[in-house]
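Results of the structural survey
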Amino acid sequence: MRSTLYLKFVIVYVIFGFLSIFTVATLTFSLTEMPLESEMATSLYREANLVASRYLPAYFSEELDDSAVRLQLSGIEIQLEAAVWFVDREGTMLFSETYEDYPPAPYRIMDFDPVESGGSQYQIGDYHGYFTEDVITVIAPVIHGYSPKGYLMIHKYLSDSRNNQKILLRAAVITVFVIYLLSFVVLLAFRYFVYLPLRKITEAATQYASGNLEYEIPVNTEDEMGYLSASLNYMSSHLRDMEDYQKKFVANVSHDFRSPLTSIKGYVEAMADGTIPPELHEKYLKIILFETERLTDLTQDLLTLNEFDTKNLLLNKEVFDIHEMIKNVAASFEGTCKQKKISIEVIFPPKNLNVNADKRKIQQVLYNLLDNAIKFSETDSVVTIETTERGEKVYTSVKDDGIGIPRNSLNKIWERFYKSDLSRGKDKKGTGLGLTIVKEAIQAHGENINVVSTEGVGTEFIFSLPKC
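Now for a description of the structure that goes with this document.

Cut-offs used in this document
Residues numbered from 1 in each chain as written. Predicted model: local features only at pLDDT ≥ 70, side-chain atom pairs only at ≥ 80, totals over all residues. Heavy atoms only, no water. Helix = DSSP H or I, 4+ residues; strand = E, 2+ residues; numbered from the N terminus. Contact = heavy atoms within 4.5 Å. Areas by Shrake-Rupley, 256 points an atom, 1.4 Å probe, with all protein chains shown as cover. Buried < 20%, exposed > 50% of the residue type's maximum accessible area, 1.4 Å probe, protein only. Pairing = 2+ DSSP bridges. Expected span 1.5 Å × (residues − 1). Bend = angle between axes of the 7 residues up to and from the residue. Axes fitted to C-alpha atoms, helices over the stretch in contact; angles between N-to-C directions. Parallel < 35°, antiparallel > 145°, perpendicular 65-115°, else oblique. Left-handed = near helix turned anticlockwise from the far one by under 90°. Nonpolar A, V, L, I, M, F, W, Y, C, P; charged D, E, K, R; others polar. Patch = residues over 30% accessible without salt bridge, like charges linked within 9 Å, V, L, I, M, F, W, Y side chains within 5 Å. Salt bridge = Lys/Arg side-chain N within 4 Å of Asp/Glu carboxyl O. Lys, Arg positive; Asp, Glu negative; His and termini not counted. Charge placed at Lys NZ, Arg CZ, Asp CG, Glu CD.

1. Digging into the overall build of the chain
Tallying secondary structure elements over the chain gives twelve helices and twelve strands in all. When contacts within the chain are restricted to residue pairs at least 6 apart in sequence, long-range pairs at least 24 apart make up 66% of them. Accessible surface computed for the chain: about 27,100 Å², of which carbon and sulfur atoms make up 56%.

2. Here we look at unusual backbone geometry
Glycine aside, residues mostly have negative phi angles, and peptide bonds mostly take the trans form. Within the chain, Glu62 stands out as a residue other than glycine whose phi angle is a positive 60°. Structurally, Glu62 can be placed in the loop between α2 (57–60) and α3 (66–80). In the Ramachandran plot, Lys341 falls in the positive-phi region, its phi being about 55° despite a non-glycine side chain. Along the polypeptide, Lys341 turns up in the loop between α9 (334–340) and β7 (343–347). By relative accessible area, which is 57% here, Lys341 ends up exposed.

3. Points about the pairing of strand β11 (residues 449–454)
Burial along β11 is one-sided: Ile449, Val451 and Ser453 are buried, and none of Asn450, Val452 and Thr454, which face the opposite way, are. By the bridge criterion, six bridges tie β11 to strand β12 (residues 458–466) in an arrangement that is antiparallel. Opposite Val452, over in β12, you have Glu460 as the bridge partner. In sequence, β11 turns back onto β12 through a hairpin of three residues, with Gly456 there showing a positive phi of about 85°.

4. Some words on helix α5 (residues 184–209)
Its 26 residues place the ends of α5 36 Å apart at the C-alpha level, agreeing with the 38 Å of an ideal helix rising 1.5 Å per residue. At Arg191, α5 shows its largest bend, some 35°. Leu187, Phe190, Tyr195, Pro197, Ile201, Ala204, Gln207 and Tyr208 are the residues of α5 that are buried. Positioned one or two residues after α5, Gly211 has a phi angle of 100°, which is positive.

5. Topic: the packing of helix α8 (residues 322–331) against helix α10 (residues 359–375)
Interhelical geometry of α8 versus α10 gives an angle of 50° and a closest axis separation of 10 Å. By the criterion of interaxial angle, the relationship of α8 to α10 is oblique. Where α8 crosses over α10, the two elements pack in a sense that is right-handed. Each of Ile322, Met325, Ile326, Val329 and Ala330 in α8 lies in contact with α10, whose residues at this interface are Lys359, Ile362, Gln363, Leu366, Tyr367 and Leu370. Broken down by class, the residue content of the contact of α8 with α10 amounts to nine nonpolar, one polar and one charged.

6. Overview of a negative patch on the surface
A contiguous patch of negative charge, built from Glu81, Glu100, Asp101, Asp126, Glu133 and Asp134, is present on the exposed surface. Here Glu133 is to be found in the loop between β3 (123–125) and β4 (135–144).

7. Some remarks on a nonpolar patch on the surface
On the surface, Leu7, Ile11, Ile15 and Leu19 cluster together into a nonpolar patch covering about 380 Å² of accessible area. Take Ile11: it is sitting in helix α1 (residues 4–54). Judged by relative accessible area, Ile11 falls into the partly exposed class, the value being 44%.

Written as structure tokens, this is what we have:
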């Protein structure tokens, strides 16, 4: 990004300023020309009619002498800064007053026509060539004895209207320019509130891309930029945790694979070089088979977890009787239970209880929970499986009277490869992934699983499924 974005914004700002001034100048001329012209003509016409109707008729009744008329016209001329003519019906000049640079009035107006402006209050032009530039001309009749005896004419340069336009234009341009300068604050605000934080965020993205996940964005505002920065900082912390987790995961997998492989390799080499005599081969082959089964279980558990980790897990949901499944899973542990003298007790309501779930995954959940319960139970103990129905849910409980889980380990048992200190002596074959698979499977259904355990007393796992 460097300075490109800011430079573009500055260029746009400058272009906007020029366009604003140009637009204001153009619109001021086009929008004020006719209104100012009309306003000046209306003002002249109003003044001419006022004088023509109130004062000048007295001239024809000889109540007003020449000096009074000249004084009246002189006042209009000075007030309006215009040329004032008083003519009779034929256009012969009776009195006239001209302001400064106006040409003198003619003795007689050639081709005089008081209605030549038609229905308009005024006309624009050089008025029969008597003026060197365009003027606004208004004509007001002087009525005496119910008929016009003369006409009062006022001529004012049209350029006076243009001067008013220039004054308005100057004021508009200055106003726009001041507003434009004040809007520079927007440019500064963009720099400090958008551009600089964005540069910091971009630098963070570059650091993350190069592998530096320790970099933290130094933006602490409470706006969108602050939220984005906090989100990226949070993301980097999770990426660091994920990186640590991956290292730990690889270390755990390597350890769990290396131990049985080392054992298998050692026994096979000992058998091959004669260190272990042939009569003991059967004993060590069983050990090798046990270690191979550990590797098989670990591989299968890793494949199962990978299936959950893809985030695209498709559940093959169907309706089935949870009681029937529990009985089938419990029956698969008959041989193990006989060896340890452990009995499995089932407590079911006196009816079928159907659930809607992925049958294969729930079967794996029950198998893992029951396998753990038997594994950590003492000889001559009981493992209890119970189902209860509450509202639209079916709750399944797997309870044992085994060694229990220490309080400080309850929140860690769902972690991959985690084994509590108490379980290490009994769980020789476990991969440390069983409970992780259980939780992933239940959460994939949108349900929950909880654990209640007391060290030296026993453990109970309870999970829910939707009733059908």
